[in-house]
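Remarks on the overall topology
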Amino acid sequence: MNSGSASLSSIVPNTISSTTTIIDLQDVSIAAFWRLRGHLQESSQLATSNYPEILHSIVIVNSP
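All figures in this text were calculated on a predicted structure; none of them were measured in a lab. (Residues numbered from 1 in each chain as written. Predicted model: local features only at pLDDT ≥ 70, side-chain atom pairs only at ≥ 80, totals over all residues. Heavy atoms only, no water.)

Structural notes on the overall build of the protein chain
Broken down by element type, the protein chain carries two helices and two strands. Per-residue burial over the protein chain gives 5% buried out of 64 residues. When the accessible surface of the protein chain is summed, it comes to about 5,500 Å², and 57% of that surface belongs to carbon and sulfur atoms. (Helix = DSSP H or I, 4+ residues; strand = E, 2+ residues; numbered from the N terminus. Buried < 20%, exposed > 50% of the residue type's maximum accessible area, 1.4 Å probe, protein only. Areas by Shrake-Rupley, 256 points an atom, 1.4 Å probe, with all protein chains shown as cover.)

Right, dumping it as structure tokens:
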């Protein structure tokens, strides 16, 4: 970073105000997705229980 530009920490807030989760299912079979669903459900429940104020969206791309 050159000395004439602002540092990243001076222009980006120090707190996280919202999160967006992107789940890419490219090349994931239905069987593999079915095995992962418990983990995804648990992750969602933990986030909802502990950080509801920052949850924004979950985007699933390339679903089978």
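There is more to say after this.
As for the confidence of the model for the protein chain
Across the protein chain, the average pLDDT comes to 81, with 80% of residues at 70 or higher. Mean pLDDT in the protein chain bottoms out at helix α1 (residues 8-11), which sits at 65, and peaks at strand β1 (residues 19-24), which reaches 88. (pLDDT = per-residue confidence, 0-100.)

Considering a nonpolar patch on the surface
A contiguous nonpolar patch, built from Ile22, Val59 and Val61 and spanning about 230 Å² of accessible area, is present on the exposed surface. For Val59, the location among the structural elements is in strand β2 (residues 55-61). Note on Val59: relative accessible area 34%, which makes it partly exposed. (Patch = residues over 30% accessible without salt bridge, like charges linked within 9 Å, V, L, I, M, F, W, Y side chains within 5 Å. Salt bridge = Lys/Arg side-chain N within 4 Å of Asp/Glu carboxyl O.)

Observations concerning the pairing of β2
Of the strand pairs in this sheet, β1 and β2 are connected by six bridges, and their pairing is parallel. From the neighbouring strand, Thr19 faces β2, where its bridge partner is Leu55. What joins β1 to β2 is helix α2 (residues 30-50), and the crossover it makes is right-handed. (Pairing = 2+ DSSP bridges. Right-handed = clockwise from strand over helix to strand, strands pointing away.)

Looking at α2
Its 21 residues place the ends of α2 30 Å apart at the C-alpha level, agreeing with the 30 Å of an ideal helix rising 1.5 Å per residue. For α2, the principal kink sits at Leu36 and spans about 40°. (Expected span 1.5 Å × (residues − 1). Bend = angle between axes of the 7 residues up to and from the residue.)

Details of the layout of surface pockets
To find the voids left in a structure, one rolls a probe of water-molecule size over its atoms. In this structure, the largest pocket occupies an estimated 260 Å³ of space. If you trace the largest pocket, you find 15 residues lining it, with Thr21, Ile23, Leu40, Ser44 and Ile58 closest to the centre. Elements represented by at least two residues in the lining of the largest pocket include exactly β1, α2 and β2. In terms of residue class, the lining of the largest pocket is made up of eight nonpolar, seven polar and no charged. (1 Å grid on protein atoms, 1.4 Å probe; cavity = no way out; pocket = protein on both sides within 12 Å on 5 of 7 lines; lining within 4 Å. Points joined across faces, edges and corners; volume = space filled by probe spheres on them. Nonpolar A, V, L, I, M, F, W, Y, C, P; charged D, E, K, R; others polar.)

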